[in-house]
Amino acid sequence: MRRITMWFTATVVIVVLLFSYRTSLGAGRAPARTSDAGSDAGANAPGIVSGPTANPAPAPGSTQGPGPAPTTGSTSTGSAPTGGSAPTGGAGNTVANGTVAQTRWGPVQVQVTIAGGRITDVKTLQQPNGNFRDQEINSYAVPQLREEVLSAQSANIDTVSGATVTSDGYISSLQAALDAAHFKA
Amino acid sequence: MTTGATRIQPGRPGGRGQGGRGGPVPAAPAGWWPDAIGLAAAFSMLIVVALWVRQHGLQDLFQPSDGLTSLGRLTGLVAADLLLIQVLLMARVPVIERAYGQDRLARWHRLVGFTSFNLILAHIVLVTLGYAATDNAGPVREFVSLTLDYPGMLLALAGTVALILVVTTSLRAARRKLRYESWHLLHLYAYLGVGLALPHQLWTGTDFSASPLATVYWWTVWAVAAGCMLVFRFGLPLWRSARHRLVVDAVVPEAPGVVSVYLRGHRLDRLGVRAGQFFGWRFLSGPGWTRAHPYSLSAAPRQDLLRITIKELGDGSGQARWLRRGTRVLIEGPYGQLTGAARTRARVTMLACGIGITPLRALLEELWYRPGEATLVYRARTPEDFAFRAELDALAAHRGVRLVYLPGPRAADDAWAPAGYGRDDHLLHRIVPDLAWHDVYICGPDGWMAAAAEAARRVGVPPEHVHMESFSW
């Protein structure tokens, strides 16, 4: 009887300790991702956000791809990325959103910044984050894809091994953004 | 015999009047239940695999980067389903028990258990290797990061450890060394293991919540398994124990090392127990209550009185003779298929060995038969070891049961007759020449039952007329 009590107590202690671990109550999320993909993910209309050509973003009906329609007028303020580092609207800068590429793990959408005829930045507005594995993979795949784009200066880049799905979505969204900005490598 | 307890005297068919019918009780048709339940289990496997295919499981299988992970997912999903099936197999669900019998269910539980455990090990290895391949990390590092960083994974690891504990203590070599009580308590860790595996299935597994159908399916299976377990293993036994308020009434020696325990209770006719069935008994008299002992009724149940007869084996059953009058008793059951419902023939032969006489003694009291239609072949080591001699003689006198006592030491491992009686099937044929047209009820140690069933088969008894049930754990 004594032994049973001790086993029971030990078991309860261990289970309680296990549940106090940070990943044990479902709160464990990937380490903070890059600033993009704010809480309003999905509200970014494809097309030019700002730039010398000053085309307003296309009306919802004319967007290609299954991207969600913006709820407010597609002004640049409504759809500007939340990350503050983008030099939006600066002279000679073009900022364009890609279409939302629906992959089997979730939507992917990128925003490209073009300055002086070069791709200077790519931001990821949406990426699959349905589960921890996606977040883990994207946390290394997305920066790698960005580097590839900046050095290739086009959407002709290799997929990241182990992140084929995200890569494909990334490339197709990027291509749409480059097309919208009339960017030719 | 000095206790003044109401002795159970065999006389006319007793029980709850069943025996009063004008003929053998026809066997309850097994019906569609066994097929339906088996089909449901197979169907659940199919759903699991189909959900995996729907989640691109097949396509991924042939991709270099995702192949291992995909296979790992499949093994994990099947293992999860099997774990829940295992819980259901042991949940004492009446319809499942009736369809297959507890002894078969226990065998399957063991088989399914080892299968699901191996699949779990495969799942862990495959997913670790698969993730390591895509992350370009070493398997050990990947394993550590999986365990520490992915949601619910530390719990899953702890659950696996619990299951390892359960499986290793259930290997035959380990089980022989363990007391039943220890083994049984350790086995409860299986519930912990299954429960601790759930969080990672929800948060890290993609298939569990991949589609509404998958979510509905998995939650349904979980709810059914947990619900059946709580209702049929805890709720119902506790409710029955409370309702019928069984207490020890008297303890009476029957033979060397064999005692009968008489139990009084309320409204026992509402218990729905028949002769030949057993309960799990917990005597609330001391430390031994953590184990439920399976004992058959050794007399047809009465409205206010049950009797069990116990051979002292040193596994806690030795304390039976010290039970005090008034000791409260918890029951689980009634269980068992070795009843009159299994009967299809007018003539019946009972083969008993040692303490295996108990359910057969109760059946002889409850079953309906004409004089000469029932035969009891009773084997024991020495003439002194025969229990219930007076009662059996009374059955012979009042109801015309043929009694054949076979005392003697064991002859060989595969022989049911004691040494010195000649060849097994010859003996059986000599005792009951028309055995092929009898229902044959067999009860005794496992090896002996197998030998007796084999002898009956050789004499020409069709398998569906051989009725037996194993009680060993």
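Up top is the structure these notes are about.
Throughout, residues of each chain are indexed from 1 in the direction in which the sequence is written. For this description, chains carry letters from A and ligands carry numbers from 1, given in the order in which they are written. Confidence filtering applies because this is a predicted model: local features only for residues at pLDDT of at least 70, side-chain atom pairs given and counted only at 80 or more, and all residues used for totals across whole chains, interfaces and linings. Note: side-chain values were computed over all heavy atoms of the structure, leaving out hydrogens and water.

Trainee: Outline the nonpolar core, supporting the account with residue identities and numerical values.
Mentor: Residue and element names in this part refer to chain B. L84, W218 and W222 are the most contacted members of the largest nonpolar core, which totals 44 residues. Elements are defined by DSSP. Helices are runs of H or I of four residues or more, strands are runs of E of two residues or more, and each kind is numbered from the N terminus. Elements that contribute at least two residues to this core include exactly α1 (33-54), α3 (67-89), α4 (94-100), α5 (102-135), α7 (153-170), α10 (189-203) and α11 (212-244). The element contributing the most residues to this core is α3, with twelve residues. Residue contacts are counted whenever heavy atoms from the two residues lie within 4.5 Å of one another. The contacts of W222, once residues within four sequence positions are left out, are L84, V194, G195, L198, Q201 and F208. Definition used in this section: a nonpolar core is a set of buried Ala, Val, Leu, Ile, Met, Phe, Trp, Tyr and Cys residues joined via side-chain atoms within 4.5 Å. Each residue is assigned to one of three classes by its accessible area relative to the maximum for its type, calculated with a 1.4 Å probe on protein chains only: buried under 20%, partly exposed between the two thresholds, exposed over 50%.

Trainee: Please give an account of the sheet that holds strand β6 (residues 329-335) of chain B that cites residues and values.
Mentor: To summarise the sheet geometry, strands pair through backbone hydrogen bonds and adopt either a parallel or an antiparallel arrangement. All names here are of chain B. Note on pairing: DSSP must find at least two bridges between two strands before they are called paired. The three strands lie next to each other as β4-β3-β6, forming an open sheet whose pairing is antiparallel. Of all the strands in the sheet, just β4 (293-296) and β6 have a single pairing partner and so form its edges. Geometrically, the sheet is characterised by an average inter-axis angle of 30° between neighbouring strands, direction not taken into account. Inspection of the sheet shows strand β3 (residues 278-283) paired to β6 by five bridges, in the antiparallel sense. Considered in β6, the bridge of F278 is made with Y335. Every axis in this analysis is a line fitted to C-alpha atoms, fitted for helices over the stretch in contact. Angles between the N-to-C directions lie between 0 and 180 degrees.

Trainee: Quick one: what's the story with unusual backbone geometry, residue by residue and with numbers?
Mentor: Residues and elements named next belong to chain B. Of note, the amide linkage connecting G333 to P334 takes the cis form, showing an omega dihedral of 5°. Structurally, P334 can be placed in strand β6. One non-glycine residue, R92, adopts positive backbone phi at about 60°. Residue position: R92 is located in the loop between α3 and α4. On the basis of relative accessibility, which here comes to 14%, the residue R92 falls in the buried class. Phi is positive for R267, which is not a glycine, with a value near 50°. Note that R267 resides in the loop between β2 (258-264) and β3. Relative accessible area serves as the criterion here: at 47%, R267 is assigned to the partly exposed category.

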